[in-house]
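Observations on the three-dimensional arrangement
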Amino acid sequence: MTALLDVAGVTVRFGGLTALSDVTFNVQSGEIVGLIGPNGAGKTTLFNSLAGLTRPTEGRIVFGGAQMKGLRPHRIARHGMTKTFQNTALFPGMSLRDNVVIGALCRASLKDARGIADECLAKVGLLKDADSDVDDLTFPQKALGEVARALATGPKLVLLDEVMAALTPTEMTAIMASLRALRDRDGITLMIVEHHMRAIMELSERILVLNFGKLIANGTPQQVSADPQVIAAYLGSSHAAH
Ligand SMILES: Nc1ncnc2c1ncn2[C@@H]1O[C@H](COP(=O)(O)OP(=O)(O)OP(=O)(O)O)[C@@H](O)[C@H]1O
Ligand SMILES: [Mg+2]
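A brief report on the enclosed structure follows. (Residues numbered from 1 in each chain as written. Chains lettered and ligands numbered in written order. Predicted model: local features only at pLDDT ≥ 70, side-chain atom pairs only at ≥ 80, totals over all residues. Heavy atoms only, no water.)

1. Quick notes on the pairing of strand 8 (residues 189-193)
To be explicit about the condition: Between buried and exposed lies partly exposed: a residue is buried under 20% and exposed over 50% of the maximum accessible area for its type, with that area taken using a 1.4 Å probe on protein chains only. We count a stretch as a helix when DSSP gives it H or I for four or more residues in a row; a strand needs E for two or more, and each element gets its number in order from the N terminus. By the convention used here, strands pair only if DSSP detects at least 2 bridges between them. If you view a crossover with the strands going away from you and the path from the first strand over the helix to the second runs clockwise, you call it right-handed.
Most of strand 8 sits out of view: five of its five residues are buried. Alternating residues of strand 8 divide into T189, M191 and V193 and L190 and I192, and every residue in both groups is buried. One ladder, built from four bridges, connects strand 3 (residues 32-36) with strand 8; its direction is parallel. Among the inter-strand pairings, I32 is bridged to a residue of strand 8, identified as L190. Relative to strand 8, strand 7 (residues 157-161) runs parallel, the two being bridged by five bridges. Pairing of L159 across the sheet is with M191, part of strand 8. Read from strand 7 through helix 6 (residues 169-184) to strand 8, the crossover connection turns out right-handed.

2. Re the sheet that holds strand 2 (residues 17-27)
If you trace the four strands from one edge of the open sheet to the other, you get 2-1-4-5, paired in antiparallel fashion. Both outer strands of the open sheet, strand 2 and strand 5 (66-67), are each paired with one neighbouring strand and no more. Strand direction decides the pairing type here: strand 1 (residues 5-14) and strand 4 (residues 58-63), joined by five bridges, are antiparallel. Counterpart to V7 in the pairing with strand 4 is I61.

3. A few points about the nonpolar core
Inclusion rule: Buried Ala, Val, Leu, Ile, Met, Phe, Trp, Tyr and Cys residues that are joined via side-chain atoms within 4.5 Å together make up what is termed a nonpolar core. Residue contacts are defined here by distance: any two heavy atoms, one from each residue, within 4.5 Å place the two residues in contact.
The biggest cluster of nonpolar side chains holds 50 residues, and the ones touching the most others in it are M164, L179 and I192. The element best represented in this core is helix 5 (residues 139-151), accounting for six residues. Those residues in contact with I192 that lie beyond four places of it in its chain are I32, V33, G34, L35, F47, L160, M164, L179, I200 and L203. Of all hydrophobic cores here, the second largest spans 27 residues; its members include V10, F25, V27 and L210.

4. Remarks on the site of ligand 1
Formally: Proximity criterion: a residue is near a molecule or strand once any of its heavy atoms comes within 4 Å of it. Identification of polar contacts relies on pairs of N or O atoms within 3.5 Å, with a donor-acceptor requirement for protein atoms, meaning one able to donate a hydrogen and the other able to accept it, and with residues adjacent in sequence counted only if both atoms are side-chain atoms. Methods summary: accessible areas were calculated by the Shrake-Rupley approach with a probe of 1.4 Å, and residue burial reflects only the protein chains presented. Residues are grouped as follows: Ala, Val, Leu, Ile, Met, Phe, Trp, Tyr, Cys and Pro are nonpolar; Asp, Glu, Lys and Arg are charged; all remaining types, including Gly, are polar.
In the vicinity of ligand 1 there are 14 residues, among which N39, G40, K43, T44 and T45 approach most closely. One of the side-chain N or O atoms of T44 is found 2.8 Å from an oxygen atom in ligand 1. Separating an oxygen atom of ligand 1 from a side-chain N or O atom of T45 is a distance of 2.5 Å. Protein contact buries 60% of the 650 Å² of open area that ligand 1 shows by itself. Looking at the shell around ligand 1, the elements with two or more residues in it are strand 2 and helix 1 (43-51). At three residues, the largest contribution of residues to the shell around ligand 1 is made by helix 1. Here the shell around ligand 1 is composed, by residue class, of five nonpolar, seven polar and two charged.

Distances and angles like these do not, on their own, reveal function.
Structural data, given as structure tokens:
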């Protein structure tokens, strides 16, 4: 089966720092793939490279059969790949709906964008909050608002960069259900960066592990959590005991 996303040999250098080194993997349509690794491992840099916010120094990124490397983010979003921002980047001083309308404008007229926005807010259970100013939203609402804005671009693949940071376990459970529904109900493929191990282990069917810019593991949650290299680099001995 042809992969939805095919990443080969992606290397990103920032001056003397190699943030990503020869990263190769693929994602099949309909998968939920976790991406984990210590702080500074290169997770956000990988997502930024995929979404067109950072241009890889080397490598190939093919999405839906088309080469993405070098395309601008809105062009990549039009192909169906989009990312959320770590530490949410909703535009302040605007309503939640208007934030999501901005996502929809990459593929729709202003007239249609409002309907799309409301549809996407409904998918994450936020339609009742559409008129709220984003500054008045709670953490989980902001996180889901980010997801709704990404959905408004009409994606096949959404890259979620720590949307569950700063949430309580109950809030996290609710968001995990919303994310699972996006795949099960809407057929959207997900890649998820998250430091919360419970969330990543429960949601992901496959997990990629980055350490110092290198992909050190690619397997099921069980395989990855039992991998000595992953335990040494990231999970630690307490996790290994479980
Ligand atoms: N624009 C940039 N210019 C220079 N260095 C950068 C830039 N962006 C990231 N880096 C560096 O690249 C490395 C990877 O950073 P990145 O933000 O991708 O890590 P991360 O895995 O997302 O970490 P975290 O879990 O803390 O979010 C780090 O050493 C970081 O300082
Ligand atoms: Mg990051």
